[in-house]
2 protein chains.
Amino acid sequence: MAALIPEVVILRLPLYFRTLALLKEEKTEIVSSQELGARLQITPAQIRKDLSYFGKFGTQGKGYNVSQLLDELRQILGLDRKWLVALVGVGRLGRALLDYGGLAPQGFHVLAVFDSDPRKIGEKVGELVIQDVHKLAATVKNQGINIGIVAVPPSEAQAVIDCLVSCRIKAILNYAPIAPVVPSDMRVYNIDPVLALQTLTYHLKSLNTP
Amino acid sequence: MAALIPEVVILRLPLYFRTLALLKEEKTEIVSSQELGARLQITPAQIRKDLSYFGKFGTQGKGYNVSQLLDELRQILGLDRKWLVALVGVGRLGRALLDYGGLAPQGFHVLAVFDSDPRKIGEKVGELVIQDVHKLAATVKNQGINIGIVAVPPSEAQAVIDCLVSCRIKAILNYAPIAPVVPSDMRVYNIDPVLALQTLTYHLKSLNTP
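Residues numbered from 1 in each chain as written. Chains lettered and ligands numbered in written order. Predicted model: local features only at pLDDT ≥ 70, side-chain atom pairs only at ≥ 80, totals over all residues. Heavy atoms only, no water.

### What to know about the pairing of strand S8 (residues 171–174) of chain B
Residue and element names in this part refer to chain B.
1) Next: Judged by which residues are buried, S8 turns out to be covered on both faces: Ala 171 and Leu 173 on one side and Ile 172 and Asn 174 on the other are all buried.
2) Next: By the bridge criterion, 4 bridges tie strand S7 (residues 147–150) to S8 in an arrangement that is parallel. Looking at the pairing, Gly 148 lines up with Ile 172 of S8.
3) Next: At this point the chain moves from S7, through helix H7 (residues 154–166), to the parallel S8, and the crossover so formed is right-handed.
4) Next: Relative to strand S9 (residues 187–190), S8 runs parallel, the two sharing 4 bridges. For Asn 174, the partnering residue across the bridge sits in S9 and is Asn 190. (Buried < 20%, exposed > 50% of the residue type's maximum accessible area, 1.4 Å probe, protein only. Helix = DSSP H or I, 4+ residues; strand = E, 2+ residues; numbered from the N terminus. Pairing = 2+ DSSP bridges. Right-handed = clockwise from strand over helix to strand, strands pointing away.)

Set out below in structure tokens:
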């Protein structure tokens, strides 16, 4: 099934999940695709189409049961379990991620942190001790890490990613501004401010070109 | 024209641009959609379809002229000019962005930085002095800022974004984990590690569900 669902739909599911979680906190029981769309600035038709890939949800003219749809999305996204994360690169960006505090409540537990700088190795960040990046493969295997976050300089990123590939990690969140080369069964989500800014300028330019 | 092009296509254009820039540095003159696809792990058919939205590029059976396509994409993406950026929020994430050094070479010049913490205001980061966030609107207008980067805590983000909207900024790169509400002519690109991780778990789950 997975292969038939457009990537862009999958990118929207976490937005639906987050908004439904908020609605549940607000004690909303039923939500229409109109209301959901207004919150997310996505058309109701788009929302209905996106969800239709995963089955039949909601009742015509009535809306979606918030708790039910939330549970379904939790399952679809694989959020009904804990995920174990290793962070590689404890520079400012890495530390900002560790500080952020929003990962663990969503089920993403950073269990190990790594750096290649000898001055950092052994230092504590929160509850964790920064390990030598050479121990990455061993730790990933021993601790059953599922996801790698790469926050190293671009020159080191492909080597770190190769190492994560070699220990059978299948999902990487990459902050290094490179286009990593990985096997086809591996997922890399690249977060790159330049690429983001370049899509924004496309829109700025379109606004000024009547 | 702009409205007809799927958002997902626009998100890929910067990837093509970056890869073509790299090919040009390597003195490659012609590239096929196969070669481009192999570098980006995108199918050649997808690349040809994406580019076809913007006109006729390349020669059947021969490939794309690297310099020409690079110039075309530079124009399409609006990268043939300087863009002026204000950063709001000079915590670890904000400082990581300022440190990164990859923005200015791509034409994104951070001209002003803001924070609400009185202990930070007046402090220098690189060449810039951190300003009181209350001066945001005035500075944006005076300096002709085009793009805002929001790296403040979630509780402050919507207020900062409202302020950017009020000074006619039309493009925001938002790092705060909220779903901002903005007018329809405004573009917000949200960078949120939780949303990224949740699309990765979707794929991890699919790998384990035969």
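Still to come is the rest of the account.
### Remarks on the relation of the copies chain A and chain B
1) Next: Mapping chain A onto chain B calls for a rotation angle of 180 degrees and an axial translation of 0.0 Å; the resulting RMSD is 0.0 Å. As the rotation angle and translation indicate, the two copies are arranged about a two-fold axis.
2) Next: Comparing interface residues between copies, 100% of those in chain A also lie at the interface in chain B; the contact surface is shared. (Least-squares fit on C-alpha atoms with pLDDT ≥ 70 in both. Contact = heavy atoms within 4.5 Å.)

### Structural notes on helix H3 (residues 44–52) of chain A
1) Next: Buried within H3(A) we find A:Ile47, A:Asp50 and A:Leu51. When H3(A) is viewed along its axis, its buried side chains cluster within an angular range of 90 degrees and face the same direction. (Arc of directions from axis to C-beta.)

### Observations concerning the packing of helix H6 (residues 136–143) of chain A against helix H7 (residues 154–166) of chain A
All names here are of chain A.
1) Next: The contact between H6 and H7 brings their axes to 9 Å, and the two run at 35 degrees. In terms of crossing hand, the pair formed by H6 and H7 is right-handed. Contact residues: Leu 136, Ala 137 and Val 140 in H6; Val 160, Cys 163 and Leu 164 in H7.
2) Next: In the contact of H6 with H7, the residues fall into 6 nonpolar, no polar and no charged. (Axes fitted to C-alpha atoms, helices over the stretch in contact; angles between N-to-C directions. Left-handed = near helix turned anticlockwise from the far one by under 90°. Nonpolar A, V, L, I, M, F, W, Y, C, P; charged D, E, K, R; others polar.)

### So, the interface of chain A and chain B
1) Next: Each partner contributes residues to the interface: chain A has 62 residues there, and chain B has 62 residues.
2) Next: There are 4 salt bridges connecting chain A and chain B.
3) Next: Where A:Asp99 meets B:Arg92, a salt bridge forms, and the shortest distance between an N and an O atom there is 2.5 Å.
4) Next: One can count 14 residue pairs in polar contact (both at pLDDT 80 or more) joining chain A with chain B.
5) Next: Of all the secondary structure elements, the ones that give two or more residues to the side of chain A that touches chain B are helix H1 (7–25), helix H4 (66–76), helix H5 (92–100), strand S8 (171–174), strand S9 (187–190) and helix H8 (193–208) of chain A. (Salt bridge = Lys/Arg side-chain N within 4 Å of Asp/Glu carboxyl O. Polar contact = N/O pair within 3.5 Å; in protein donor to acceptor, adjacent residues only side chain to side chain.)

### Side note on unusual backbone geometry
Most peptide bonds take the trans configuration, and most residues that are not glycine carry a negative phi.
1) Next: We note that A:Lys27 has phi near 65 degrees; this positive angle belongs to a residue other than glycine.
2) Next: The phi dihedral of B:Arg168 falls on the positive side, at around 65 degrees, and the residue is not glycine.
3) Next: Following the sequence through the fold, B:Arg168 ends up in the loop between H7 and S8.

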